[in-house]
Amino acid sequence: GAVVSQHPSWVICKSGTSVKIECRSLDFQATTMFWYRQFPKQSLMLMATSNEGSKATYEQGVEKDKFLINHASLTLSTLTVTSAHPEDSSFYICSASSRQVPDEQYFGPGTRLTVT
Amino acid sequence: AQSVTQPDIHITVSEGASLELRCNYSYGATPYLFWYVQSPGQGLQLLLKYFSGDTLVQGIKGFEAEFKRSQSSFNLRKPSVHWSDAAEYFCAVVRGSSNTGKLIFGQGTTLQVKP
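Now for a quick tour of the structure. A quick note: this is a predicted structure, and the numbers were derived from the prediction, not measured.

**Quick word on the pairing of strand β12 (residues 109-114) of chain B**
All names here are of chain B.
Right, on to step 1. With burial as the criterion, only one face of β12 is covered, namely that bearing T109, L111 and V113; the residues T110, Q112 and K114 on the opposite face remain uncovered.
Right, on to step 2. Taken together, the three bridges between strand β10 (residues 87-94) and β12 define a ladder with antiparallel strand orientation. Its bridge partner being in β12, A87 is matched across the sheet by L111.

Written out as structure tokens, the structure is:
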């Protein structure tokens, strides 16, 4: 089946620093990738959508200068949280869909970010 | 605006008992609906989806869901729950009239299974 990985699975960083999260589709080409944020015991909130080779489309209320998304290849998208603050601490999840099966998304296991 | 509501935050059932998880959506047209399961350390897994056609949808792991337009509901059911079904379950709808993939998730329902 289609597999999406995320790295790292968890990260701790200090306030003011930046952290990069990678999302990879391991066995298919991801034409579209999505980034979600999940607070503890809460739902997933879509942050942005990215298509390979194009700029990401951010959801209302998501700061694009703070959450930099790059979809440089058909198998890799990265989310960089710049100048992180404790309120950015959350669970970040990516998903990917392919041209062959555009109706389904395959989710990564998520990355737990803690900003101290 | 579109929304998805899962009225039950936490449900506990005995192993072998039947299960129904509720999901209500708000959208005027026919929505694209999904049920996902989230287990610790694993990505969300698609259980089933409804786009059109037969309103009773069969999914993986013995789950099924029924789309009821009159009730704006898409409830998930399983006739006999196994201990391994304990997890977080999310109902989701695609935002908009076409399948853009931009999902709106419900709040989730935590399923606990008693031995």
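What follows picks up the thread again.
**Let's talk about the nonpolar core**
Right, on to step 1. B:L19, B:W35, B:L47, B:L48, B:F74, B:L76 and B:Y89 are the most contacted members of the largest nonpolar core, which has 27 residues in total.
Right, on to step 2. Mapped onto this core, the elements with two or more residues apiece are β2 (10-14), β3 (19-21), β5 (33-38), β6 (45-50), β8 (64-68), β9 (73-78), β10 and β12 of chain B.
Right, on to step 3. Per-element tally for this core: the top contributor is β10(B), with four residues.
Right, on to step 4. Residues A:I21, A:M47, A:A96 and A:L113 belong to the second largest nonpolar core, which totals 23 residues.

**Points about the state of the cysteines**
Right, on to step 1. Summed over all chains, the structure comprises two disulfides over all chains.
Right, on to step 2. Across the disulfide from A:C23 sits A:C94; the S-S distance is 2.0 Å. Around the S-S axis, the bridge from A:C23 to A:C94 shows a dihedral of about 80 degrees and counts as right-handed. Of this pair, A:C23 sits in strand β3 (residues 19-25) while A:C94 sits in strand β9 (residues 90-98), placing them 71 residues apart in sequence. You'll find A:C23 and A:C94 in the same group, each marked buried.
Right, on to step 3. Here B:C23 connects covalently by a disulfide to B:C91, the sulfurs 2.0 Å from one another. The disulfide joining B:C23 to B:C91 has a torsion of about -65 degrees about its S-S bond and is therefore left-handed. Placement of the pair is B:C23 in the loop between β3 and β4 (24-26) and B:C91 in strand β10, with a sequence separation of 68 residues.

**Topic: the packing of aromatic side chains**
Right, on to step 1. Considering all chains together, one arrives at 15 aromatic pairs over all chains under this definition.
Right, on to step 2. When the ring of A:F107 is compared with that of B:F105, the centres are 6.2 Å apart and the planes differ by 80 degrees; the resulting orientation is edge-to-face. With A:F107 in strand β10 (residues 106-107) and B:F105 in strand β11 (residues 103-105), this residue pair bridges two chains.
Right, on to step 3. According to the relative accessible area criterion, B:F105 is buried, its value standing at 6%.
Right, on to step 4. With 5.7 Å between their ring centres and 50 degrees between their planes, B:F63 and B:Y89 make a pair best called tilted. Here B:Y89 lies in strand β10 and B:F63 lies in the loop between β7 (56-58) and β8, a separation of 26 residues in the sequence. The residues B:F63 and B:Y89 share a single accessibility class, namely buried.
Right, on to step 5. Three or more aromatic residues joined by ring pairs make a cluster, and in this case those are A:Y36, A:F107, B:Y32, B:F34, B:Y36, B:F51, B:F90 and B:F105.

Conventions and cut-offs
- Residues numbered from 1 in each chain as written.
- Chains lettered and ligands numbered in written order.
- Predicted model: local features only at pLDDT ≥ 70, side-chain atom pairs only at ≥ 80, totals over all residues.
- Heavy atoms only, no water.
- Buried < 20%, exposed > 50% of the residue type's maximum accessible area, 1.4 Å probe, protein only.
- Helix = DSSP H or I, 4+ residues; strand = E, 2+ residues; numbered from the N terminus.
- Pairing = 2+ DSSP bridges.
- Core = buried A, V, L, I, M, F, W, Y, C linked by side-chain atoms within 4.5 Å.
- Disulfide = S-S within 2.5 Å.
- Phe/Tyr/Trp six-rings, centres within 6.5 Å; stacked < 30°, edge-to-face > 60°.

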